[in-house]
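# Coordinate analysis (summary)
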Amino acid sequence: MSSTALTADAHVGMVDNHASDRSQYDSGFSHPALQKELHKRVPYDDQSVMSRLRTSSIDDRFVDECTRTLKDKLAEDIKTLNVLATRADGYLIEYLESEAEIEAQMKSAPPTQPKKSRRELQMYGPLERILEHIARAESLQGQGAEAFDRLFRSQSTILTPNQYHTLGFPKFAPDFSLLRDRSLSQLPQAQQRRWCDRAGFIEVKPSNNQHAYPTVAGGPASSLLAQAADYARLHLSGRPFSVFSISLLIFGCGFCVCIFDRQGVLVSPRYHMWDDLDVFIRVVRSLTRVLDEHEVGLDPSVSPAPHSMLPDGTEAYIVDPVGSDPRRWCTVREPIWSSLSLFGRGTTVWRVREVNASGQLCGPEMILKTSWRSSDRDAESFVYHAIKGSHPGLAKYVDGGDVRFPNNKHICISAYALRNKTPPSDSKDAILHRIVFATSGRPVWEYRSERELLEGFIAALEAHQFLAKQNILHRDISAGNILLAEDSSRQGSAGFLTDLDLARLEPDVEVKITETVSPPKGYGAIPPHLHGISTRTTNKYSGSRRGGQISGTLQFMSVRLLEALSSDNGSTPSTIEDDLESFLWVLVYAVYRRLRSRIPRNCDSEESKHLIDAFRTAFGGRTIRKIIGARKSTSAIERLVESPLIIQNTSKFLRSLLAQYNAVMYFRRHFYSTGVYYKAQPSPALLVSEDDAFTHEGMLNALRSALNKLHDHPELDHSFDESP
């Protein structure tokens, strides 16, 4: 569900690891890849960072007194940090950056413990005492006069998502976390590991030379900045409704503050902790005691719900009206999906219910989707308005629109608006967009029977065909965009297709647009009914702006498009056949992951190892080259249908369907490898032939044939009562 531009003509997903689960985190997106993502996205020495932290609002007399007491009471800690920095400055940066990995291997650190070097760990104690001294110093108005009481705490354990919704959540943690409330430090250790409880973080390096700035002007981002960006994307994913992430970077005795958002990262000027101790005190005090929740990154259009709103005490959020629909919404349960990308769409999907005038929940559960659209692309709601008629296999659109600031409905929430800046003429902006669907679903890999799986796929595929007949191509078929209906009678089908954010429309489509209209400013008297802000509905004929030619999530993309991207040919247009090949990979993924959930965590049988290895090979690739390699080597489908666990836990009809598509892909793999095309010989027993394998009718016929056989032999269907 996440996207970022790889080339000027491509909008593809920043790669998530689709083959991991919560019990086995991946090592994370590579820092070199993030350094490439950061290039040209980083304004250095940006003075606005300190303005957003409101450091000037800290009373000068408090800063003077805190400086005096800190130097008096913590002189030894300051001396220790100076000595550690001086020693570290004598080593090469490459050596310092490899120390943590080498030391972790030597002492066989447990998997729940972050990899930190001995030098970094020696900084923890002095820094923690200094940070706490600043945070707890009595204000001039008396202790507790400030509204917030956050706490910087050194991080001795891995931070995790607190919900089962995002795959491949990496296995590491920053040096210090900013707990959103001091009381959280009193919870049991196991409950202190959630990213959602962090309002920010600190990353520490022992040497003054390991700073956040490029070694040459215009050069690549530093390793420290890339590492902080990695943490920032996890923070934005794990902390609900975050629109930016604040990080304090400490390198030797130097420091700076970074604000990561969907457009890039703002880096403050470089300071020295002791020469600029007043600045350091203002930064720490502001983060711990002064800034409110929205000033440390919470979406301005969202607020925490009262604990009494949900009977089980689950943390929830109140969301402002979406589009022209006047209703407010409250999240229920954890998010269905939260993207791990930093500069992509950053999609999150929640179940919500309406909040009535009395502040009570009412009505059925619906779906709320939030994402960031590029300013050079039309909004996803634009696509839904362009659809003529309806289809039960499509998510039921209620309303949508760009999100606006609550105190200024004329301004959309965007990365540059949050920065209080105007985008440069040659730059795009990331705009927050939100949609409500009157449909509730669950992930396709949580199917309860093979019949439900096939029925859900057929419904989504029929919806894709319905759109294609209107010259609308989805272009992002992935495991997160095909859902199974929670209530099939209400939906009208067992499953549905969602997320049309990257769909391509033919030019000159007719779209009904509802827009906010300011009161007129012309000459003469203004009629009473036009004094306030109003809305109007118009029919608009417009060529759509849908971004690059190639779109999608890499792990589910067709081989043809992957080859085009690997050759930097991002201008290759996506086709219906590309989308239908993606449907196949989603089906394979769903079966893999459903069967993966049946394997006990500590099971080490050869059968389970075979399945897990095949799953990771097929969907664990983190680069285009690795994904293509997995497709061109032994087929993911072949390894799937040959797995003993698959044979034991699937019907022969589903295996036959997959085996026959494997035969089609075999001949295609041979073509991609040699350039020589061999066509599969037709057979009366085949459900699908190479000629129509990736046409709507061909794929639908194959799915329906397998489904009909399951209807005729229900005893061969495999049921899954529990959620994975």
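Treat the numbers as computed from the prediction; the structure is a model and nothing was measured.

For the rest of this paragraph, the subject is the pairing of strand E17 (residues 430–437). In terms of burial, E17 is a largely internal element, eight of the eight residues being buried. Of the two faces of E17, the one carrying Ala430, Leu432, Arg434 and Val436 and the one carrying Ile431, His433, Ile435 and Phe437 are both buried. As judged from the eight bridges shared by strand E13 (residues 361–374) and E17, these two strands associate in the antiparallel manner. Bridge assignment links threonine 370 to a residue of E17, and that residue is arginine 434. Examined bridge by bridge, strand E14 (residues 397–402) and E17 share five bridges and lie antiparallel to one another. Residue pairing across strands places aspartate 399 opposite valine 436, the latter belonging to E17.

An order of E18-E20-E21 is seen for the three strands of this open sheet, with the pairing classed as antiparallel. The open sheet has two free edges, formed respectively by strand E18 (441–443) and strand E21 (495–497), since each of these has just one partner strand. Across this sheet, the average inter-strand angle for adjacent strands is 40 degrees, counted without regard to direction. Pairing of E18 with strand E20 (residues 482–485), which is carried by three bridges, proceeds in the antiparallel orientation.

Moving on to the pattern of salt bridges. Taken as a whole and judged by the stated rule, the model has 34 salt bridges. Arginine 419 serves as the salt-bridge partner of aspartate 261, at 2.8 Å between the closest nitrogen and oxygen. With aspartate 261 in the loop between strand E6 (254–260) and strand E7 (265–267) and arginine 419 in the loop between helix H10 (415–418) and E17, this pair connects stretches of sequence that are 158 residues apart. For aspartate 261, a relative accessible area of 2% gives the class buried. Lysine 428 is the salt-bridge partner of aspartate 376, the closest N and O atoms lying 3.2 Å from each other. Residue aspartate 376 is located in the loop between E13 and helix H9 (380–386), and its partner lysine 428 is located in the loop between H10 and E17; the two are separated by 52 residues in the primary sequence. For lysine 428, a relative accessible area of 39% corresponds to the partly exposed category. Through salt bridges with shared partners, one network takes in Arg345, Lys369, Arg377, Glu380, Asp476, Asp499 and Asp501.

The N-to-C vectors of helix H14 (residues 576–596) and helix H20 (residues 696–712) enclose an angle of 20 degrees; their axes lie 10 Å apart at closest approach. The angle between the axes of H14 and H20 places the two elements in the roughly parallel class. For the pair H14 and H20, contact is made by Ile576, Leu580, Phe583, Leu584 and Leu587 and by His696, Met699 and Leu703, respectively. By residue class, the composition of the contact of H14 with H20 is seven nonpolar, one polar and no charged.

Turning our eyes to something else, we now look at the sheet that holds E17. Spatially, seven strands are ordered E9-E10-E11-E12-E13-E17-E14 in an open sheet, and the strand pairing comes out antiparallel. The sheet is open, and its two edges are formed by strand E9 (302–304) and E14, each paired on a single side. The average angle at which neighbouring strand axes cross in this sheet is 30 degrees, direction not considered. Of the strand pairs in this sheet, strand E11 (residues 328–338) and strand E12 (residues 348–355) are connected by seven bridges, and their pairing is antiparallel. In the strand pairing of E12, arginine 328 is matched with valine 355.

Our focus in this paragraph is helix H13 (residues 559–566). Taken residue by residue, H13 has Val559, Leu561, Leu562, Ala564 and Leu565 as its buried positions. Of the residues one or two after H13, aspartate 568 is the one with positive phi, at around 60 degrees.

This brings us to empty space enclosed by the protein. A full pass over the atoms with the stated rule returns 11 cavities of 30 Å³ or more. Taken as a whole, the largest cavity encloses approximately 130 Å³ of empty space. Among the elements of the structure, helix H7 (223–238), E13 and E17 are those that each provide at least two residues to the lining of the largest cavity. Partitioned by chemical class, the residues of the lining of the largest cavity number six nonpolar, eight polar and four charged.

Basis of the calculations
- Residues numbered from 1 in each chain as written.
- Predicted model: local features only at pLDDT ≥ 70, side-chain atom pairs only at ≥ 80, totals over all residues.
- Heavy atoms only, no water.
- Buried < 20%, exposed > 50% of the residue type's maximum accessible area, 1.4 Å probe, protein only.
- Helix = DSSP H or I, 4+ residues; strand = E, 2+ residues; numbered from the N terminus.
- Pairing = 2+ DSSP bridges.
- Axes fitted to C-alpha atoms, helices over the stretch in contact; angles between N-to-C directions.
- Salt bridge = Lys/Arg side-chain N within 4 Å of Asp/Glu carboxyl O.
- Parallel < 35°, antiparallel > 145°, perpendicular 65-115°, else oblique.
- Contact = heavy atoms within 4.5 Å.
- Nonpolar A, V, L, I, M, F, W, Y, C, P; charged D, E, K, R; others polar.
- 1 Å grid on protein atoms, 1.4 Å probe; cavity = no way out; pocket = protein on both sides within 12 Å on 5 of 7 lines; lining within 4 Å.
- Points joined across faces, edges and corners; volume = space filled by probe spheres on them.

That is the geometry; function is a separate question.
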